[in-house]
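The chain contents come next:
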Amino acid sequence: MTERPVFIDHITIRVGDLERSRAFYRAALAPFGSHELEAGDDVAFGPTGAEDLVLSGSGPPHAPLHIALAASSRGQVVAFHAAALAAGGEDNGPPGLRPEYHPGYYAAYVLDPDGHNVEAVFHDRSADASSQRA
């Protein structure tokens, strides 16, 4: 798979209960191999050397956001969904193809403790090419 350039360096979301959200994201992001880092009064998650998703307990929670995490495989999407549900997330769309976006769009959606819609998506570009040849 070709490496996709990063468009957003990081995002910070305010949450209602930092420890509850920390536990949820710690479990939900485990299939991504994410690490956790203290960032002052906040907590950050991301791959080694990056803090892509920052949770902040300062101030009221944001209105619900949509956050899409780039998965490396369909299996990682499935593992994310299972881990997020086990950590108390609410199912907002089970793992599956979403052809309305493009033929290889495979995703799952979970609502976090503050109602943010967290998506894991795998873009199977070989499916795109196959559909264009048909």
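Conventions used here
Each chain carries its own residue numbering, running from 1 in the written order of its sequence. Only residues with pLDDT of at least 70 are given local features in this predicted model, and only at 80 or more are side-chain atom pairs given and counted; all residues enter the totals for whole chains, interfaces and linings. Based on all heavy atoms of the structure, the side-chain values leave hydrogens and waters out of the count. Segments assigned H or I by DSSP are reported as helices when at least four residues long, segments assigned E as strands when at least two residues long, and all are numbered from the N terminus. We call a residue buried when its accessible area falls under 20% of the maximum for its residue type, exposed when it is over 50%, and partly exposed in between, using a 1.4 Å probe and counting protein chains only. Contact criterion: two residues are considered in contact whenever any of their non-hydrogen atoms come within 4.5 Å of each other. Using the Shrake-Rupley algorithm and a 1.4 Å probe, accessible areas are obtained, with residue cover drawn only from the displayed protein chains. Counted as positive: Lys and Arg. Counted as negative: Asp and Glu. His and the chain ends are not counted at all. For this purpose, a charge sits on NZ of Lys, CZ of Arg, CG of Asp or CD of Glu. Stacked, edge-to-face and tilted are the three classes for Phe, Tyr and Trp ring pairs, Trp counted by its six-membered ring, which pair at centre distances within 6.5 Å; planes under 30 degrees apart are stacked, over 60 edge-to-face, the rest tilted. In short, DSSP must find at least two bridges between two strands for them to pair. As a rule, the C-alpha atoms of each element are fitted with a line to give its axis, helices using only the stretch in contact, and angles between N-to-C directions run from 0 to 180 degrees.

### Let's talk about the overall build of the protein chain
The helix and strand tally for the protein chain stands at three helices and eight strands. Seen through its C-alpha atoms, the protein chain measures out along the principal axes to roughly 55 × 30 × 25 Å. Burial status across the protein chain gives 38% buried among its 134 residues. Within the protein chain, contacts between residues separated by at least 24 positions form 53% of all contacts whose residues are at least 6 apart in sequence. With the model as given, the accessible surface of the protein chain reaches about 7,400 Å², and the carbon-plus-sulfur share is 55%. Looking at charge distribution, the protein chain has the averaged site of its 9 positive side-chain charges lying 7 Å from that of its 18 negative ones.

### Considering the packing of aromatic side chains
Tallying each qualifying case throughout the model produces four aromatic pairs. Summarising the aromatic geometry, the rings of phenylalanine 32 and phenylalanine 80 are spaced 6.2 Å apart at their centres and angled 70° between planes, so their arrangement reads as edge-to-face. Of this pair, phenylalanine 32 sits in the loop between α1 (18-28) and β2 (35-39) while phenylalanine 80 sits in helix α2 (residues 74-86), and the two are 48 residues apart along the sequence. Here phenylalanine 32 falls in the partly exposed class, since its relative accessible area comes to 23%. According to the relative accessible area criterion, phenylalanine 80 is buried, its value standing at 0%.

### A few points about the sheet that holds strand β1 (residues 11-14)
Backbone-to-backbone hydrogen bonds pair the strands of a sheet. The strands run either parallel or antiparallel. The strand order β1-β4-β3-β2 describes an open sheet built from four strands, whose pairing is mixed. With partners counted over all chains shown, the strands left at the sheet margins are β1 and β2, one partner each. Geometrically, the sheet is characterised by an average inter-axis angle of 25° between neighbouring strands, direction not taken into account. The pairing of strand β3 (residues 42-46) with strand β4 (residues 53-56) spans three bridges and is antiparallel. Looking at the pairing, alanine 44 lines up with valine 54 of β4.

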